[in-house]
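Listed below, chain by chain, are the residues.
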Amino acid sequence: MKMLPEVELSGSDYFLFAMDRILRRAGRSGSLCRLVVELEGCIDPEEFRHTINCSQVLQWMVNVQKTSRFPFALPRWRSNGTGNAVPVTCDRVAKHCSGNRETYFSFHGPPEQDGIHSPLSFALANHDDHRSTCILNWDHTLMDAHGAEILMRHVARAPEKQEILEGLLPSNQVSVGGRVQRSQGFGERLSYARKSVRYIADASAMPIAILKPNGNNRECADQYCTISFSEEETERIVSQCETIGLSYYHSLFYLAAAARAVHAVRLRKKEGDAPYLIPVPLNLRRKGGSGPAFSNNVSFLFYRIAPEEIQDFRTMVVSLKDQMRNQVMQEIPHSYAEMMKILRRLPLPLYSRLLSGPTGGRLASFFFSYTGECCPGMDNFMGQLVRQVTHLAPATSIPGLSVVFMRHRNRLKAILSFRNSLLAEDDLKLFEEQLRKDLLPENG
Amino acid sequence: MIITCSCVGFTVTDPDEPAVWLLYASFWYLWRATTVGMKEPHEVTADDLVRDLLCFIRSTILADNADFSPDTPFDKVGIDSVSLLEILLYLERNFDIYIDDQRLTPDNIASVRQLAITACAPSPGS
C-alpha cells in the first residue's frame, strides 16, 4: 500500500489542537486517550512487537506532525521523516498490581522521548494469572475513539489481513451536511456554518455550572473510576429507557442520569444553581464502512439543561429529546463541522481564545460521550479471547470531568475521568448512588 | 358567496355549483402537492417507502462500500440514534409520516423494511 505523504487536518483535528492548547495552559500534559483490551490468555511479547512494527499505517501515524506552510494556510499532517518505530512496552505484572487501576495505568502510560509523549504507543501486560491486557495510548489530536477501535481491529487481525489498511486513512467516508453536499461556494458554506455559532452562543450563555476544584487544580493528576452494571441490571436499564419513550435514544437517558449525578455532587458542595452545558461528540463517519481510522471525524451536539429541569428526571429527558431533534432538524452538527473546517486557517492562539473566551475558559459543565458497543464482533485478539474492552477518555479541562458510557457484551459501564482535585471519595460514592437511582429507579 | 376567477374568465355565485367544489378541490390538491409532495401518506405503500428510504440512507448515511439491504439490521451497520432521527425526519418532511415514540420499539425500527411497515401502518390512536 502506498502511504500518503501529507493529509489535510480535519476540522475536528484542528479543534482538538486548540483544546489541547487550552489544556496545556491549564497545566496539563495533553489529551491522552486509552483503549484497553483485556484478554483471556497471554500474548507473546515478541509476536506483539513484530505485529505492531509490521503495520505501515501505525508507522506512518507515529511519525506525522502538524505543519502549515505559511500563516493562514491549511494545516496538514506530514511525515517528519524520522522513521521512529511505534513504542511498544511489554511487561509482566504481578497479580496484586493489576487490581489497582491507578497504579496500573500510571505504570503503563505512554513512553516519553526527550520529555515528549509519543503520539501513539502500545503496552502489553501479561499477568501472573495467565491473562493479559493490551493498551493503545494515543493523543486525541491524532484520532478519535472510533478511529482507535478501527485501528485495534487492524492489530487484532494483523498481519495476515493487510488489505483492511485501505480504509484506515482519510477518504471520502465522512458525512457532510445535506446543504453542503449541494453547494460548495464559500459564501454559502460560511452562512451554513454561522447557524451553529448562533445556536452555540445561546446554549453556552453564562453562567455555566461546573464542579469547582478543591485546592490547586494544576498540581493534580487524572484518575479513573469505573461504575459497572451487571447483565441483569443492563437489561433493566434498557427496559427503563423504553418505558419512558427513549427506546432508541439510550444516550439521552445516560446523559440525563450523569447530569443529575453531577448535580447531586454540586448540591452537596453547596455550589449555586446554574444551567448545565454539555457538548456530546457525534461520529461523522459514514456507517457500514471501515474507516477512516486516522484523524478526528466528529462534530458535536450541544445540550443546555436549566436548573429547574434537572430537578425532575422525566422533564429533563423530554427537554433533551427536543434539543436533539431541533439540532438534527437544523443540521447543527454538520453546520458546526463546517465551522470547524473553515476555522482551520486561524492561528492556534487565536482559535483557542475564540473557544474559551466567551465562557471565561469554561468549556462545558462536564464532557459526556456514549460509545455504544465497544469493538463489536471483536471476540478474538491475536488468537486470545477478548474479555473486556474499555475506553478511557481524557479529563478535559475546564472543568476536568468526562463521563463516558459504553457497552460490551450486554454489560453497561460508566467511566469517569477526572482531576483528583475535583471529586473526593465521598463525591464519587454520591455520584454512583445517584446514577444507580436514576438508571435503576426501583433501587431508590 | 361569489367566486371570481378573472384569469380563467368565469364568475360563480351559487355555492352548490359544482365548479365551486371543483375549485376548492383544486386548491386543496395544489396545497397538498406543494407542502407534502404528490403522494398522500396512506397512498404510499411499504414497498415505495423501502425504495425511497434505501436511496436516502445510501446517499446520506452509509459508506459507499457498505453491504446493506432492506432487511439488514440498523445496528449491524452502526446506524445510531442521530442517524435514525435523520431518517424519521426525512419521513416527516417528504411523506408527512410521523411515528410516535410508543411505536419506536426495537422491533419496529430494526431495519428499513420494518420501519417502512411501521410507517405505513395506521397509528393506534387514529
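Cut-offs and rules
- Residues numbered from 1 in each chain as written.
- Chains lettered and ligands numbered in written order.
- Predicted model: local features only at pLDDT ≥ 70, side-chain atom pairs only at ≥ 80, totals over all residues.
- Heavy atoms only, no water.
- Helix = DSSP H or I, 4+ residues; strand = E, 2+ residues; numbered from the N terminus.
- Buried < 20%, exposed > 50% of the residue type's maximum accessible area, 1.4 Å probe, protein only.
- Contact = heavy atoms within 4.5 Å.
- Areas by Shrake-Rupley, 256 points an atom, 1.4 Å probe, with all protein chains shown as cover.
- Pairing = 2+ DSSP bridges.
- Axes fitted to C-alpha atoms, helices over the stretch in contact; angles between N-to-C directions.
- Salt bridge = Lys/Arg side-chain N within 4 Å of Asp/Glu carboxyl O.
- Parallel < 35°, antiparallel > 145°, perpendicular 65-115°, else oblique.
- Left-handed = near helix turned anticlockwise from the far one by under 90°.
- Nonpolar A, V, L, I, M, F, W, Y, C, P; charged D, E, K, R; others polar.
- Buried area = accessible area lost by both parts, 1.4 Å probe.

Caption draft 1: Representation of the overall build of chain A in the model. Secondary structure summary: chain A contains 15 helices and 17 strands in total. By residue count, 58% of the 444 residues in chain A fall in the buried class. A fraction of 76% describes how many contacts in chain A between residues 6 or more apart in sequence connect residues 24 or more apart. As displayed, chain A has an accessible area near 18400 Å², and 50% of this comes from carbon and sulfur atoms.

Caption draft 2: Summary view of the overall build of chain B. Summing up its helical and strand segments, chain B has four helices and two strands in all. Along the chain direction, N to C, the helices and strands of chain B fall in the order β-β-α-α-α-α. Per-residue burial over chain B gives 38% buried out of 126 residues. Once local pairs closer than 6 in sequence are excluded, the contacts in chain B between residues at least 24 apart make up 47%. Surface exposure of chain B reaches about 7300 Å², of which carbon and sulfur atoms provide 58%.

Caption draft 3: The sheet that holds strand β15 (residues 384-392) of chain A, seen in detail. All names here are of chain A. Reading across the sheet, the six strands line up as β5-β8-β9-β2-β15-β14 and stay open at both edges, with mixed pairing between neighbours. With partners counted over all chains shown, the strands left at the sheet margins are β5 (88-93) and β14 (380-381), one partner each. Inspection of the sheet shows β14 paired to β15 by two bridges, in the antiparallel sense. Residue pairing for β15: Asn-380 is matched across the bridge by Leu-385. Packed on one face of the sheet, helix α6 (residues 145-157) meets β2 (32-39), β8 (120-127), β9 (132-139), β14 and β15 and runs near 135 degrees to β9.

Caption draft 4: The pattern of salt bridges, seen in detail. Residue and element names in this part refer to chain A. Under the definition given, this model contains 25 salt bridges over all chains. Close ionic contact of Glu-6 with Arg-69 constitutes a salt bridge, the shortest N to O distance being 3.3 Å. With Glu-6 in strand β1 (residues 6-8) and Arg-69 in the loop between β3 (64-67) and β4 (76-79), the pair connects residues that are 63 residues apart, well separated along the chain. Residue classification places Arg-69 among the exposed residues on the basis of a relative accessible area of 60%. Asp-144 is paired through a salt bridge with Arg-285; the nearest N and O atoms lie 2.9 Å apart. Placement of Asp-144 in the loop between β9 and α6 and of Arg-285 in the loop between β11 (276-283) and β12 (298-305) is noted, with a sequence separation of 141 residues between them. An identical accessibility class is assigned to Asp-144 and Arg-285; each is buried. A cluster of three or more residues bridged by salt bridges with shared partners is formed by Glu-6, Arg-69, Arg-76 and Arg-78.

Caption draft 5: Region of the structure containing the sheet that holds strand β16 (residues 401-408) of chain A. All names here are of chain A. The strand order across the open sheet formed by four strands is β10-β17-β16-β13, and the pairing between neighbours is mixed. The open sheet is flanked by β10 (222-228) and β13 (367-373), the only strands paired with a single partner. Adjacent strand axes in the sheet meet at a mean angle of 15 degrees, parallel and antiparallel pairs treated alike.

Caption draft 6: Local environment of the packing of helix α2 (residues 46-60) of chain B against helix α4 (residues 112-120) of chain B. Residues and elements named next belong to chain B. Between α2 and α4, the least distance of the axes is 9 Å, while the angle of their chain directions is 130 degrees. Overall, the two elements α2 and α4 adopt an arrangement that is oblique. Both α2 and α4 take part in a crossing whose hand is right-handed. Judged by residue contacts, Ala-46, Leu-49, Val-50, Leu-53, Leu-54 and Ile-57 of α2 engage Val-112, Arg-113, Leu-115, Ala-116, Ile-117, Ala-119 and Cys-120 from α4. Of the residues belonging to the contact of α2 with α4, the class tally is twelve nonpolar, no polar and one charged.

Caption draft 7: Representation of the interface of chain A and chain B within the structure. Facing the 22 residues of chain A at the interface are 30 residues of chain B. Of the roughly 2200 Å² buried between chain A and chain B on both sides combined, carbon and sulfur atoms contribute 53%. Taken together, chain A and chain B are joined by three salt bridges.

Caption draft 8: Representation of the pairing of β16(A) within the structure. All names here are of chain A. Taking burial as the measure, the eight residues of β16 include eight buried ones, the bulk of the element. Across the two faces of β16 the burial is the same, with Leu-401, Val-403, Phe-405 and Arg-407 and Ser-402, Val-404, Met-406 and His-408 all buried. Here β13 pairs with β16 via five bridges, running parallel. Residue pairing across strands places Phe-368 opposite Val-403, the latter belonging to β16. What sits between β16 and strand β17 (residues 411-419) in their antiparallel hairpin is a turn of two residues, with Arg-409 showing a positive phi close to 50 degrees.

Caption draft 9: Unusual backbone geometry, seen in detail. Residue and element names in this part refer to chain A. For the bond running from Met-206 to Pro-207, omega is 0 degrees, close enough to zero to count as cis. Within the secondary structure, Pro-207 is located in the loop between α8 (186-203) and β10. Even without being a glycine, Cys-375 presents a positive backbone phi close to 40 degrees. The buried category is assigned to Cys-375, whose relative accessible area is 2%. With phi around 50 degrees, Arg-409 is a residue other than glycine that occupies positive phi space. Position of Arg-409 among the secondary structure elements: in the loop between β16 and β17. Arg-409 sits in the partly exposed class, given a relative accessible area of 34%.

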